[in-house]
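Next come the chains, spelled out residue by residue.
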Amino acid sequence: MKAVATNFPETPNNKTKRAWIYAKKPSGQLYAIRQWVGYGLLLFLFAAPFIKIGGEPFLMFNILERKFSILGSIFYPQDLHIFVFGMLIVMVCVVLFTVVFGRIWCGWTCPQTIFMELIFRKIEYWIEGDWQQQKKLNEGPNTDEKKFKKILKHSIFLLISFLISNIFLSYIIGVDALYKIVTDPLDQHLGGLFAITIFTFVFYAVFAHIREIVCTTICPYGRLQGVLLDDQSITVAYDHRRGEPRGKQKKDAQQVKGDCIDCQICVHVCPTGIDIRNGLQMECVSCTACVDACDAVMEKIGKPKKLIGFYTMGEIQGTVTKRSNTRAIAYSVVLIALISVFISLILMRSDVGATLLRAKGSSYQLRDDQTISNLYSLELVNKSASEMPFRLVPEDKKLKIQVVNPINSLAKGGTASLSFFLIIDNANVKRYKEDVKIAVYSGDRKVETLKTTFIAPPGM
């Protein structure tokens, strides 16, 4: 994989300095589609925290309270196995799309790219003009016009960063808690205010200053693609067989030139500042801006489009003549299987999370009424969206239950800790240790079955 370092060119004093990238305003068919995809995802991102199902957030990832809401269903640490399956599905999706479509995630659906290209850069184009005007403004003297444009741009950047930080925080603590932070007196939510402030300046720094370095240096995904790609992977690539030797087209020229006229427009529109003609590079995010730009040039000079386009690495290298879908189908089958298991786990998930343990340091107790008892402690979590009445019933009819601190219901999202005795007549004891089950009922519906052991001296 050939990489071209364009962000840090050498300077005369042998030091490295970042070369600020001025990306030409993109346009074209693929860019139009990318805007529909990007703005659709932005609409979902900003709307999802405010959508509620059964009174619970559509999406919430409350790491602080270890409480997660997905599609209105509340998940707790007891549902770790479901979370693991969800993460496994995400990993397979990443591998699948990278193996088949290269780094298309980065250019089309990554929040960094969407915010940068569809919001912040558009504001920059609106205030400072296209790439040449931006460069001229930055390299020119500090006039009143320049100061006004810079203050206006960065003020809007800060305002949008503040809005984004509130949205991201709403995914963590929920919109109701965020609303309290916004409306209550400041001294009541200093921690929340501090978090919003930090998030705001982080987002501002990323989109106003760090920019493409997130994709080219910080994010590890670009390096991961080098491991996953092979000659069947589809990437944005330059067809050097058709384009070389590049150069201006001249009539009656003795040397036959390729279709590339070396106009550099593919470089000018690239948001990471690379030259796609140098081959596959880690910095390429497959945004397809170069595809649209090159197609426009080819159309003007009467040449076929797709000098830059979606090609497999094997097609560009001349080692593959036909694309194979076998691997994509195999990954898709695995992905569908994982999603099916994930949905099954969600549908089969109990409304009650329960942890049943024998009381610490206790054994059996011999009672005066010719019975034997064991003491247990029980932790219950109501994972449903409403208050839940409950009762405990031993599945073995020979056992009786005596609750020490009776609790008859669980509030929505509530927890309860209680202790109870399991009691059996001496005459019914057959073994020293016996497996038993305790059912948790809500009304007439069994919502959970708990397993434990009952110990007693045999032959009483």
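Before any of the text, the structure's been laid out above.
Residues numbered from 1 in each chain as written. Predicted model: local features only at pLDDT ≥ 70, side-chain atom pairs only at ≥ 80, totals over all residues. Heavy atoms only, no water.

**Overview of a nonpolar patch on the surface**
Definition in use: Within this analysis, patches are made of residues with over 30% relative accessible area and no salt bridge. Like charges are joined at 9 Å or less; nonpolar side chains (Val, Leu, Ile, Met, Phe, Trp, Tyr) at 5 Å or less. Each accessible area is a Shrake-Rupley estimate made with a 1.4 Å probe; only the visible protein chains count as cover when residues are assessed. Definition used for salt bridges: Asp or Glu carboxyl oxygen within 4 Å of a side-chain nitrogen of Lys or Arg. Helix and strand assignments follow DSSP, with helices taken as H or I runs no shorter than four residues and strands as E runs no shorter than two, numbered in order from the N terminus.
Taken together, the side chains of L80, F83, V84, M87, V90, V94, L224 and V227 define a hydrophobic patch exposed on the protein surface, amounting to about 700 Å² of accessible area. Here the nonpolar patch gets six residues from one element, more than from any other, and that element is helix α2 (residues 80-101). Relative to the helices and strands, V227 is located in helix α10 (residues 221-228).

**Some points on the sheet that holds strand β5 (residues 73-75)**
For clarity, the cut-off: For two strands to be treated as a pair, DSSP must find no fewer than two bridges joining them. Between the N-to-C directions of two axes lies an angle of 0 to 180 degrees, each axis being a line fitted to C-alpha atoms and, for a helix, fitted only over the stretch in contact.
Taken in spatial order, the three strands make up an open sheet running β3-β4-β5, and their pairing is antiparallel. Of all the strands in the sheet, just β3 (59-62) and β5 have a single pairing partner and so form its edges. Going from strand to strand, the sheet's axes swing by 20° on average, the running direction of each strand aside. Pairing geometry for β3 and strand β4 (residues 67-70), over four bridges, is antiparallel. Counted as the bridge partner of F61 is F68 from β4.

**Some thoughts on unusual backbone geometry**
Going from E244 to P245, the amide bond is cis rather than trans, its omega being -5°. With respect to the secondary-structure elements, P245 resides in the loop between α11 (240-243) and α12 (265-268). We note that R211 has phi near 55°; this positive angle belongs to a residue other than glycine. Here R211 lies in the loop between α8 (190-210) and α9 (213-218). Its identity is not glycine, yet T288 carries a phi of approximately 70°, on the positive side. Here T288 is to be found in the loop between α12 and α13 (289-300).

**Examining α8**
Let me state the cut-off plainly: Residue count minus one, scaled by 1.5 Å, sets the expected span of a helix. Here's how the labels work: a residue is buried when its accessible area is under 20% of the maximum for its type, exposed when over 50%, partly exposed in between, all with a 1.4 Å probe on protein chains only. In this description, one arc is meant: the one made by directions from the helix axis to the C-beta atoms. Contact definition: two residues touch when any of their heavy atoms are within 4.5 Å.
Compared with the 30 Å implied by 1.5 Å per residue over 21 residues, the 28 Å span of α8 between its first and last C-alpha is a close match. Listed as buried for α8 are G192, I196, T200, F203, Y204, V206, F207 and A208. Around the axis of α8, the buried residues are gathered within 165° of arc, so they sit on the same side. In α8, the exposed residues that point more than 90 degrees away from the buried face are L190, G191, F194 and F201. Against the buried residues of α8 lie α4 (111-128), α6 (144-173), α7 (175-183) and α9. Within two residues after α8, R211 carries a phi angle of roughly 55°, on the positive side.

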